[in-house]
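# Geometric and topological summary
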Amino acid sequence: MDFDKSKVTITIMDFNDLNQISDCLQNEFDNFWTYDILKEELSSEHSTYLVAKIDGQIIGFAGFKNIFNEAELMNIIVHKSFRNCGIGNLLMKNIMLELKARKIATVHLEVAKNNIYAIHLYKKFGFYEVGLRKNYYKNDDAILMELTIN
Ligand SMILES: CC(C)(COP(=O)(O)OP(=O)(O)OC[C@H]1O[C@@H](n2cnc3c(N)ncnc32)[C@H](O)[C@@H]1OP(=O)(O)O)[C@@H](O)C(=O)NCCC(=O)NCCS
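Thresholds applied
- Residues numbered from 1 in each chain as written.
- Predicted model: local features only at pLDDT ≥ 70, side-chain atom pairs only at ≥ 80, totals over all residues.
- Heavy atoms only, no water.
- Helix = DSSP H or I, 4+ residues; strand = E, 2+ residues; numbered from the N terminus.
- Buried < 20%, exposed > 50% of the residue type's maximum accessible area, 1.4 Å probe, protein only.
- Contact = heavy atoms within 4.5 Å.
- Arc of directions from axis to C-beta.
- Axes fitted to C-alpha atoms, helices over the stretch in contact; angles between N-to-C directions.
- Parallel < 35°, antiparallel > 145°, perpendicular 65-115°, else oblique.
- Left-handed = near helix turned anticlockwise from the far one by under 90°.
- Nonpolar A, V, L, I, M, F, W, Y, C, P; charged D, E, K, R; others polar.

### Details of the side chain of T106
Following the sequence through the fold, T106 ends up in strand β5 (residues 106-112). The class of T106 is buried, set by a relative accessible area of 19%. In this view, T106 contacts N69, E70, A71, E146 and L147; residues no more than four positions away in its chain are not counted.

The structure is reproduced here in structure tokens:
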């Protein structure tokens, strides 16, 4: 996809954003998270979600949940047509800023073992593997990763 990356904005996700993508969560965002789960996430005082947009169109989102100084990265999803263009990196960079602003010390996540691009992205931002959950997903194991922020 050819687009002007300097036009991409990152903002805190709100209910209007969620409603905008409700119809395309299944096809364009892998049906990774349902509308209802995301609605619950956005309603939680413990959750922070970021959304990437270009010309008002949502092209990715990512979020974490935190309690005190521990967080769990819940998801990061880029619109199918905009993958491998740096949006994942941009979202992660901004997630890191939000984590640091909240003085989070440790972040956890789970990722499917075959999800090589996501694992590559997480490692790039300092996550390291701490465990494996066999058959955690329908067709795959889960790698457990952790990040320590000083
Ligand atoms: C994982 C995901 C969020 C990455 O988003 P993205 O916008 O494609 O990421 P980027 O373009 O910033 O690329 C991230 C890195 O992966 C590499 N990469 C991504 N897609 C690639 C591809 N198809 N071929 C080769 N490398 C690829 C990039 O080169 C980049 O590496 P670099 O930072 O060392 O240059 C995206 O693939 C996605 O939405 N996947 C489906 C949802 C998912 O699995 N989320 C993770 C849940 S745990």
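Resuming the write-up.
### Observations concerning helix α3 (residues 35-43)
Among the residues of α3, L38, E41 and L42 are the ones counted as buried. Angular distribution of buried residues about the axis of α3 spans 95 degrees; they occupy a single face of the element. Away from the buried face of α3 by more than 90 degrees, exposed residues D36, E40 and S43 are located. Tucked into the core, α3 has its buried residues touching α1 (15-21), α2 (25-28), β2 (47-54), β3 (57-67) and β4 (70-78).

### Some thoughts on the packing of helix α4 (residues 87-101) against helix α5 (residues 116-124)
Here α4 crosses α5 at 40 degrees, and the two axes come no closer than 11 Å. On the basis of the axis angle, α4 is oblique to α5. Taken as a pair, α4 and α5 cross one another with a handedness that is right-handed. Residues G88, N89 and M92 of α4 pack against L121, Y122 and K124 of α5. The residue inventory of the contact of α4 with α5, partitioned by class, reads three nonpolar, two polar and one charged.

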